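So the chains spell out like this:
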Amino acid sequence: MLAAGIWLLAALGTSRPTALGLDAPATQFSAARADAVLGRLLGGQHPRPAGSAENAAVRSRILKELTSVGIPTRISTQMSCFSENRWNTISCGTVTNILAQVSQGSGKEIVLMAHADSVAAGPGAGDDASGVATILEAVRALKARTKIGGHPVRILFTDGEENGMLGAAAYLRDPKARARTGAVINMEARGNQGPSYLFQTGAGDAKLIDLYARAMPQFAASSLYAEIYKYLPNDTDMTPFLTAGIPGTNFAFIGNAAQYHTSLDRRENIDPRSLQQHGENALGVTEALRGADLGALKSENAIYLDILGRWLPRLPASWSLGLSVAVFVLIALAGRGPFKARRSLLAFLIPPLLLVGAIGLGFGLHGLASWISGEPDPSFAHPLALRLSLAFGVFGVALLAARAASAVACWLWLAGLAAVCAIWAPGIVPYFLFPCLVAAPLLLLGRGSDLALLIAALAGLVIWLSFNHGSEAIMGLRLHPLFMVTAAFGLITLLPLLAKARGLGAGAALSLVAAVVLAAVAGLQPAYSSTAPQRLNLGYLEQDGKALWLADPVPHLPASLRAAADFSATPQRLVQMAYVAPAGRARHPAPQATVTRSGDTVTLDLATDGDGVSLQVPAKAKLRAVTVGGITTPAPERTFSITCGTPDCAKARIVLQLGSAEPFDLTLVAYARGLPAEGDKFLKARPAWAVPSQGGDRIFLAAKIAIPGR
């Protein structure tokens, strides 16, 4: 009951601001006013990818909003490219950024940033029109305040973020803009609900975290988020700024990610409290940065986490190893006494056995639900039953483990892991260290009393079960090992108290039976719904004189789509992995390119139509560099993709620098949004619980382009 109550406290009791109405004081951020701005910007809520007519229409509305509050504004249109070493691709396109000078001042500028474009599959109300509206309302409130002086504040509404941070890269390509930027505040979204998290700051963030802690009344931050973010396939406009060595804060709300990058990312689905906290973050941090020494922002790294949104304990990361060793020693001293080898060894093995058992059971329960459902993510739309199943499962394992548990052994493991993480993954240290800082003196002075064990357990449970609740927003319960591990770590702190309870065996049996029953219930529920739909793009491809229908390689293609065409039994690799069905002969001109080779330099003058193009260059070409629109980007001499994602790219000149003298073929693909008229039957056959996402439905025209030898 204690653990369940703390989980509910994390879910329902975390401190968040109340959404303010239209009558809020002019100097405060109001979610209602921001929502009104959002409505004016979005109009009919259509997708607005870079280079589209809707993109230009929304840009005009943004300019009108800025003019209405008297902020001088200009636009900047240019070709831009961006790539990272971890990618095997370069993204390019022509983008139009909006730059607005909110206030003058002395010293370097504070840049408030959000991106004005969206993916092609949805209207992007959360991602990232909400960021644009948040900044517009925040600067209105900023201008209503009487305080003057400090650092100048600039707005940067980028274009082409969804293409690969093109607008941010274009801004930083101007050396003057780069030199005058002292700090950046980026407003993002990966959903439409939940807290506005401070999820990224960059290296040397201790002073920046102190500034955030002093400026905000509520918190949603952890040094762990940056550790997790490094392994996610996501980037934001903050990436080019951090690469350039510019400090800043990256805020996003990530709840209800099922609607992210789909047609459901609409204004009416955004939680006003998320918008309010987003705005208070933007306004509060901007005000704090205006009076800060931006040159001194970079310091040492910090470790930190918020406690229920109310407190933000933090320490210099350099202290983490020493403190971890210190609490380890204190806890070890608390365990002084008669040594019984067999019992002590078993007690020491209990925490890792609990972790292994919890993870293994999680695979079993999720596997059972998946087997019954026939889907790899059976709880995507209805997570409650599987969430309860996993919770009962890990609690059942904890009851079994509690019989041989020892308080000292449990806490030694947590302190030891804090020391290990201090060396290898500092961001996660506070989840181990902070509870140990509470437990160590209690164990040493409390002599194992129930009250001392309870207070220590409360510290661990609050931290780990808050993490457990928040972790579900990352990838849902498909990432069940994370759910089980965080729950298990919380319960490790409770094992010494559970060890004193009666009926552990019966309780464990009942918990495990409930876990199995609930897993079966989860498998019987539909995996997807109209509000949490499956992502399923459709496509039409012409290649080698043939036409084909395409459908995303989901685990089970819906029967209604199979009834509409003779799709292949398994996905095939063409321009992308997809189920394919015959669509007759090609009836559009294939994309073309005029090829000129001079030594190791190959020039391609494209001649096609569409919303963008991509080139697939084989490894044998040993591609060393790519030039698009006068921008040269190094390449890694392996298989490489070049994407130019705006309509003008169809007539672009692309220059390749090669390291091979051999002839080869590359694949040129022109794509356009939507499907041909004959594709209407597939749109009707796509179930209501499935929607396009990301780039959406597309027409692809592909051709091999022969590159002669040197």
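Scroll up for the structure.
These notes cover the structure that comes with them.

What counts, and where the lines are drawn
Here, residues in each chain are numbered from 1, in the same order as that chain's written sequence. Totals for whole chains, interfaces and linings use every residue, but because this is a predicted model, local features are given only for residues with pLDDT of at least 70 and side-chain atom pairs only at 80 or more, for both listing and counting. As a convention, hydrogens and water are excluded, and side-chain values are obtained from all of the structure's heavy atoms. In this description a helix means any DSSP run of H or I spanning at least four residues, a strand means any run of E spanning at least two, and both kinds are numbered starting from the N terminus. In this treatment the radius of gyration is a C-alpha quantity, and the globule benchmark scales as 2.2 Å times the residue count to the 0.38 power. Type-normalised accessible area, obtained with a 1.4 Å probe on protein chains alone, sets the label of each residue: buried when under 20%, exposed when over 50%, and partly exposed for intermediate values. The contact rule is simple, with two residues in contact once any of their heavy atoms fall within 4.5 Å. Only four residue types enter the charge count, namely Lys and Arg as positive and Asp and Glu as negative; His and the chain termini do not. By convention, the point assigned to a charge is CZ for Arg, NZ for Lys, CD for Glu and CG for Asp. Here, patches come from residues exposed beyond 30% relative accessible area and free of salt bridges, joined within 9 Å for like charges and within 5 Å for nonpolar side chains (Val, Leu, Ile, Met, Phe, Trp, Tyr). Only the protein chains shown count as cover for residues, and the accessible areas themselves come from Shrake-Rupley with a 1.4 Å probe. When a carboxyl oxygen of Asp or Glu lies within 4 Å of a side-chain nitrogen of Lys or Arg, that pair is called a salt bridge. The term disulfide is used for any two cysteine sulfur atoms that are within 2.5 Å. The set of buried Ala, Val, Leu, Ile, Met, Phe, Trp, Tyr and Cys residues whose side-chain atoms join them within 4.5 Å is what this entry labels a nonpolar core. What counts as an axis is a line fitted to C-alpha atoms, over the stretch in contact for a helix, and the angles between N-to-C directions run from 0 to 180 degrees. Roughly parallel covers angles under 35 degrees, roughly antiparallel covers those over 145, roughly perpendicular covers 65 to 115, and oblique covers all other angles. Ten residues, namely Ala, Val, Leu, Ile, Met, Phe, Trp, Tyr, Cys and Pro, are considered nonpolar, four, namely Asp, Glu, Lys and Arg, are considered charged, and the remaining ones, Gly among them, are considered polar. Only strands joined by at least two bridges in the DSSP assignment are considered to pair. Helix span is expected to be 1.5 Å times the residue number reduced by one. For this analysis, a ring pair means two rings from Phe, Tyr or Trp (six-membered ring only for Trp) whose centres lie within 6.5 Å, classed as stacked if their planes differ by under 30 degrees, edge-to-face if by over 60, and tilted for the remaining angles. We call two N or O atoms a polar contact when they sit within 3.5 Å, provided that within protein one can donate a hydrogen and the other can accept it, with sequence-adjacent residues counted only if both atoms are side-chain atoms.

The next point concerns the overall build of the protein. Each helix and strand in the protein was counted, giving 22 helices and 24 strands. For a compact globule of 710 residues, the expected C-alpha radius of gyration is about 27 Å, and the protein comes in at 28 Å, within 12% of that figure. Principal-axis analysis of the C-alpha atoms places the extent of the protein at approximately 85 × 65 × 55 Å. The buried share of the protein, reckoned over its 710 residues, is 56%. Considering only contacts within the protein whose residues lie at least 6 apart along the sequence, 81% involve residues at least 24 apart. For the protein, the separation between the mean place of its 60 positive charges and that of its 47 negative charges on side chains is 6 Å.

What follows deals with a nonpolar patch on the surface. Taken together, the side chains of Leu-321, Val-325, Phe-328, Val-329, Leu-330, Leu-333, Val-420, Ile-423 and Trp-424 define a hydrophobic patch exposed on the protein surface, amounting to about 830 Å² of accessible area. Going through the elements one at a time, helix 12 (320-334) and helix 15 (407-424) are the ones with two or more residues in the nonpolar patch. For the nonpolar patch, the leading source of residues is helix 12, giving 6 residues. Take Val-329: it is sitting in helix 12. Accessibility expressed as a relative area gives 42% for Val-329, which makes it partly exposed.

With that settled, consider the state of the cysteines. Applying the stated criterion across every chain, the model contains 2 disulfides. The side chain of Cys-81 participates in a disulfide bridge whose partner is Cys-92; the two sulfur atoms lie 2.1 Å from each other. Between Cys-81 and Cys-92 the disulfide shows an S-S torsion of about 110 degrees. By sign, it is right-handed. Of the two residues, Cys-81 sits in strand 1 (residues 73-82) while Cys-92 sits in strand 2 (residues 89-103), which places them 11 residues apart along the sequence. The two residues Cys-81 and Cys-92 agree in class, both being buried. Disulfide pairing places Cys-644 opposite Cys-649 at an S-S distance of 2.0 Å. Torsion about the S-S bond of the Cys-644 and Cys-649 cystine: about -60 degrees, corresponding to left-handed handedness. Residue Cys-644 is classed as buried on the basis of its relative accessible area, which comes to 2%.

All right, on to the nonpolar core then. Ile-331, Leu-354, Trp-411, Tyr-431, Phe-432, Leu-433 and Leu-495 are the most contacted members of the largest nonpolar core, which has 74 residues in total. Ignoring any residue separated from it by four or fewer positions in sequence, one finds Leu-354 in contact with Val-394, Val-397, Ala-398, Ala-401, Ala-488, Ile-492 and Leu-495. Core analysis: the second largest hydrophobic core is formed by 57 residues, Val-102, Ile-135, Ile-270 and Val-285 among them.

The next thing to look at is the packing of helix 16 (residues 429-446) against helix 17 (residues 450-475). When two helices pack together, their arrangement is given by the angle between the helix axes and by the axis-to-axis distance. The geometry of helix 16 relative to helix 17 is characterised by a closest axis approach of 8 Å and an angle of 175 degrees between their N-to-C directions. Relative to helix 17, the element helix 16 lies roughly antiparallel. Contacts from Tyr-431, Phe-432, Phe-434, Pro-435, Val-438, Ala-439, Leu-442, Leu-443 and Gly-446 of helix 16 reach helix 17 at Ala-452, Leu-453, Ile-455, Ala-456, Ala-459, Gly-460, Ile-463, Trp-464 and Phe-467. By residue class, the composition of the contact of helix 16 with helix 17 is 16 nonpolar, 2 polar and no charged.

The next subject is the side chain of Asp-377. Along the chain, Asp-377 turns up in the loop between helix 13 (341-373) and helix 14 (384-402). Buried within the structure, Asp-377 lacks any salt-bridge partner; Arg-478 is the closest side chain of opposite charge, at an N-O distance of 4.9 Å. For Asp-377, the contacting residues outside a window of four places in its chain are Arg-478 and Ala-527.

Looking now at the sheet that holds strand 19 (residues 631-634). Here we have 5 strands laid out as an open sheet, ordered 15-16-21-18-19, and antiparallel in their pairing. One side of each edge strand has no neighbouring strand; the edge strands of this open sheet are strand 15 (592-598) and strand 19. Strand-to-strand, the axes of this sheet are offset by a mean angle of 20 degrees, without reference to chain direction. Where strand 18 (residues 623-628) and strand 19 come together, 4 bridges link them in antiparallel fashion. Residue pairing across strands places Val-628 opposite Ile-631, the latter belonging to strand 19.

Take the pairing of strand 4 (residues 153-158) next. Burial of strand 4 is extensive: 6 of the 6 residues sit out of reach of the surface. Going residue by residue along strand 4, you find Val-153, Ile-155 and Phe-157 tucked away on one face and Arg-154, Leu-156 and Thr-158 tucked away on the opposite face as well. Pairing between strand 2 and strand 4: 5 bridges, direction antiparallel. Note on strand 4: the bridge partner recorded for Ala-100 is Ile-155. Of the pairings in the sheet, the one linking strand 3 (residues 109-115) to strand 4 comprises 6 bridges and is parallel in character. Of the residues in strand 4, the one forming a bridge with Ala-114 is Phe-157.

A few words now on helix 17. Here helix 17 spans 37 Å end to end across 26 residues, near enough to the 38 Å set by a 1.5 Å rise per residue. Remark: Gly-476 follows helix 17 within two positions and exhibits a positive phi of approximately 70 degrees.

According to the stated counting rule, one finds 17 aromatic pairs in the structure shown. With centroids separated by 4.7 Å and ring planes inclined at 50 degrees, the aromatic side chains of Trp-549 and Phe-682 adopt a geometry described as tilted. A residue pair is termed long-range when its members are at least 10 positions apart, and Trp-549 in strand 12 (residues 546-551) and Phe-682 in helix 22 (residues 680-685) qualify at 133 residues. Owing to a relative accessible area of 2%, Phe-682 belongs among the buried residues under this scheme.

Below, the discussion takes up the pairing of strand 1. In terms of strand pairing, strand 1 meets strand 2 through 10 bridges, oriented antiparallel. Residue Met-79 lies in a different strand from strand 2, and its bridge partner there is Thr-94. Following strand 1, the chain reverses through 6 residues before pairing antiparallel with strand 2.

With the rule as written, the count across this model stands at 22 salt bridges. For Arg-61, the salt bridge is made with Glu-54, and the minimal N-O distance between the two is 3.5 Å. When its relative accessible area of 26% is taken as the criterion, Arg-61 is described as partly exposed. Across the salt bridge formed by Glu-472 and Arg-387, the nearest N and O atoms sit 2.8 Å from each other.

Before going further, it helps to examine helix 2 (residues 31-42). When the terminal C-alpha atoms of helix 2 are compared, their 16 Å separation across 12 residues agrees well with the 16 Å that a helix rising 1.5 Å per residue should span. Residues of helix 2 that are buried: Ala-31, Arg-33, Ala-34, Val-37, Leu-38, Gly-39, Leu-41 and Leu-42. In this structure, the buried side of helix 2 is in contact with helix 3 (53-68), helix 4 (125-144) and helix 11 (272-290). A side-chain oxygen of the first residue of helix 2 lies 3.3 Å from the backbone nitrogen of Ala-32; this N-cap is Ser-30. Backbone geometry just after helix 2 places Gly-43 at a positive phi near 60 degrees.

Two elements in contact, helix 2 and helix 3, have axes whose closest approach is 8 Å; the angle formed by their N-to-C orientations is 140 degrees. Judged by the inter-axis angle, helix 2 sits oblique to helix 3. Contacts between helix 2 and helix 3 involve Val-37, Arg-40, Leu-41 and Leu-42 on the former and, on the latter, Glu-54, Val-58, Arg-61, Ile-62 and Glu-65. Broken down by class, the residue content of the contact of helix 2 with helix 3 amounts to 5 nonpolar, no polar and 4 charged.

Purely geometric stuff here, so don't read any function into it on its own.
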